[in-house]
Amino acid sequence: MKRALITGITGQDGSYLAEFLLHKGYEVHGIIRRASTFNTRRLDHIYHDPHNGHNVNLYLHYGDIGSSGNLADLIRTVNPDEIYHLAAQSHVRVSFDLPDYTGDVTGLSTVRILEAIRLTQSEARFYQASSSEMFGAATPPQNEETIFQPQSPYAAAKLYAYWVTRNYRDGYGLFACNGILFNHESPRRGETFVTRKISQAVANIVAGKQQALYLGNLDARRDWGYAPDYVEAMWLMLQQEKPNDFVIGTGEAHTVRDFLDESFAYVGLNWQDYVRIDPRYYRPTEVDYLLANPSRARTDLGWEPRIRFRNLVHIMVDADLELVGLESPGAGRAALDATGNGWHHWHHQVQSMEMA
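Residues numbered from 1 in each chain as written. Predicted model: local features only at pLDDT ≥ 70, side-chain atom pairs only at ≥ 80, totals over all residues. Heavy atoms only, no water.

A. Quick look at the overall build of the protein chain. Helix and strand counts for the protein chain come out as 12 helices and 13 strands. In the protein chain, of all internal contacts separated by at least 6 residues, the share reaching a separation of at least 24 is 79%. In the structure as shown, the protein chain presents an accessible area of about 15400 Å², 47% of it carried by carbon and sulfur atoms. (Helix = DSSP H or I, 4+ residues; strand = E, 2+ residues; numbered from the N terminus. Contact = heavy atoms within 4.5 Å. Areas by Shrake-Rupley, 256 points an atom, 1.4 Å probe, with all protein chains shown as cover.)

B. Region of the structure containing the nonpolar core. With 63 residues, the main nonpolar core has Leu21, Tyr84 and Ile248 as its most contacted residues. Residue contributions to this core peak at 8 residues, all from helix 8 (residues 227–237). Among all residues touching Tyr84, those that are not within four sequence positions of it are Ala4, Leu5, Ile6, Thr7, Leu17, Leu21, Tyr127, Met234, Trp235, Leu238 and Gln239. Leu114, Ile117, Ala124 and Phe126 belong to the second-largest nonpolar core, a separate cluster that totals 21 residues. (Core = buried A, V, L, I, M, F, W, Y, C linked by side-chain atoms within 4.5 Å. Buried < 20%, exposed > 50% of the residue type's maximum accessible area, 1.4 Å probe, protein only.)

C. Molecular detail of the environment of Ala253. Examined against the element boundaries, Ala253 turns out to sit in the loop between strand 11 (246–248) and strand 12 (254–255). Linking Ala253 and Asp223, residues 30 residues apart in sequence, is a C-alpha distance of 4.2 Å. Setting aside residues no more than four positions away along its own chain, Ala253 makes contact with Arg221, Arg222, Asp223, Tyr289, Leu290 and Leu291.

D. Summary view of the sheet that holds strand 4 (residues 82–85). Here we have 7 strands laid out as an open sheet, ordered 3-2-1-4-5-6-11, and parallel in their pairing. Strands with a single pairing partner mark the edges of an open sheet, and in this sheet they are strand 3 (58–62) and strand 11. Sheet twist, expressed as the average angle between the axes of neighbouring strands with direction ignored, equals 20°. The sheet contact formed by strand 6 (residues 176–181) and strand 11 spans 3 bridges and is parallel. Across the sheet, Gly179 pairs through a bridge with Phe246, a residue of strand 11. Contacting strand 4, strand 5 (125–131), strand 6 and strand 11, helix 8 runs over the sheet at an angle of about 160° to strand 6. (Pairing = 2+ DSSP bridges. Axes fitted to C-alpha atoms, helices over the stretch in contact; angles between N-to-C directions.)

E. Fine view of the side chain of Thr120. Tracing the chain through its elements places Thr120 in helix 5 (residues 99–120). One polar contact links the side chain of Thr120 to the main-chain carbonyl oxygen of Ile117, over a distance of 3.3 Å. Setting aside its immediate chain neighbours within four residues, Thr120 contacts Ala72, Ile75 and Arg76. (Polar contact = N/O pair within 3.5 Å; in protein donor to acceptor, adjacent residues only side chain to side chain.)

F. Focus on empty space enclosed by the protein. Within this structure, the stated rule accounts for 2 cavities of 30 Å³ or more. Its boundaries defined by the atoms lining it, the second largest cavity holds a volume of some 30 Å³. Sorting the residues of the lining of the second largest cavity by element identifies strand 1 (3–7) and helix 3 (68–78) as the ones contributing at least two each. Here the residues of the lining of the second largest cavity are counted per class, giving 7 nonpolar, 1 polar and no charged. (1 Å grid on protein atoms, 1.4 Å probe; cavity = no way out; pocket = protein on both sides within 12 Å on 5 of 7 lines; lining within 4 Å. Points joined across faces, edges and corners; volume = space filled by probe spheres on them. Nonpolar A, V, L, I, M, F, W, Y, C, P; charged D, E, K, R; others polar.)

G. Representation of the packing of helix 7 (residues 194–206) against helix 11 (residues 309–323) in the model. Packing of helix 7 against helix 11 brings their axes to within 8 Å, and their N-to-C directions diverge by 45°. By the angle between their directions, the pair helix 7 and helix 11 is classed as oblique. At the point where helix 7 passes helix 11, the crossing takes the right-handed sense. The residues of helix 11 that touch helix 7, namely those facing Thr195, Arg196, Ser199, Gln200, Val202, Ala203 and Val206, are Met316, Val317, Asp320, Leu321 and Leu323. Across the contact of helix 7 with helix 11, the residue classes break down as 7 nonpolar, 3 polar and 2 charged. (Parallel < 35°, antiparallel > 145°, perpendicular 65-115°, else oblique. Left-handed = near helix turned anticlockwise from the far one by under 90°.)

H. Structural detail: the packing of helix 1 (residues 12–23) against helix 8. Axis separation between helix 1 and helix 8 bottoms out at 9 Å; the angle between their running directions is 65°. Here helix 1 and helix 8 pass one another in a crossing that is right-handed. For the pair formed by helix 1 and helix 8, the contact residues are Gln12, Asp13, Tyr16, Leu17, Phe20 and Leu21 on the first element and Ala227, Pro228, Val231, Glu232, Met234 and Trp235 on the second. By residue class, the composition of the contact of helix 1 with helix 8 is 9 nonpolar, 1 polar and 2 charged.

I. Structural view of the packing of aromatic side chains. Under the criterion given, the structure shown has 12 aromatic pairs. Both rings, one in Tyr84 and one in Tyr127, keep their centres 6.0 Å apart while their planes meet at 45°; by these two values the pair is tilted. Here the residue Tyr84 occupies a position in strand 4, and Tyr127 occupies one in strand 5, the gap between them amounting to 43 residues. Assessed through its relative accessible area of 0%, Tyr84 is described here as buried. A residue is classified by how much of its surface remains accessible, and Tyr127, at 0% relative accessible area, is buried. With centroids separated by 5.4 Å and ring planes inclined at 70°, the aromatic side chains of Trp224 and Phe259 adopt a geometry described as edge-to-face. Here Trp224 is found in the loop between strand 9 (221–222) and strand 10 (225–226), whereas its partner Phe259 is found in helix 9 (residues 256–266), with 35 residues between them in sequence. Exposure remark for Trp224: the relative accessible area of 3% places this residue in the buried category. The class of Phe259 is buried, set by a relative accessible area of 0%. Within the aromatic cluster, the residues linked to one another by ring pairs are Phe135, Phe148, Tyr162, Trp163 and Phe182. The ring of Tyr16 carries the charged tip of Arg188 above its face, separated from the ring centre by 3.9 Å. Taking the ring centre of Tyr289 as reference, the NZ or CZ of Arg221 above it sits at 4.8 Å. (Phe/Tyr/Trp six-rings, centres within 6.5 Å; stacked < 30°, edge-to-face > 60°. Lys NZ or Arg CZ within 6 Å of the ring centre and 35° of its normal.)

The values are spatial; any link to function lies outside them.
In structure tokens form, the structure reads like this:
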């Protein structure tokens, strides 16, 4: 049985990756922060899933990605075959308010893990969660050869993590990969991110719980995909004969305005009746246009996104409508929900397409 260690396991990507690996037969270990309250709501359903029976090979460990010694101890204890480093301060706008914290958590944590791997002489394969934000002002479409032009403290921190991953791969022979993932969303997306902010607002407006939605730049264009598709790409990277870096995206871009159009129209509303522009949500430096060219992933990994923009929007709105007790316009169709109960439908639909 393979063993994986995931940082950021309680986040959107971490929870989907944990599910994916458990279905692959892995023993999954996750690092969580010690806090006054538990933040495991994205994982709790795994223990109650009838498909898992009574033996769930999921183990959570208190840890600190700010401590090299603690990380080395965990690697020795768990002895993982694969390490997925997903933990970060991942909100771009917040990184302008907390640039030093973002640099430490998002950037330096990567070198701490890589150094822990090196010092413990672990043979674990390492995945670094890099970001399309590193491309910043670069002309789209962006691929693995595009010159990085970061436009935020978050992007700069991710760029440090990207390069240090390559340095440890080249200098110490570690099997270390960067997944340069473009925006990927789901019902588990944090509520401060624009896509989830929109889908949640739609549900609240329909339910009469909210009158207006305040946003910033509506013209920003992003390549939006579906998070469960993207965690499969992470796994595929670590199954290759040699380590490499991969751009992961859908190859099509849409504006925030497009997301509003699709989500509000889905419930029969006009977004212009509810959306207000608030300058507080503008960034000091904007990233106008991110569009992936994922041809390397398609060729080398055999990876393709299964969920496209329109379905992604509907999945998110459906889930938030359900959370406020309303039936969705798509009732009766197969859609993933916020608790993960739809994972098995999705998984069984696509398992024939997965790499063994």
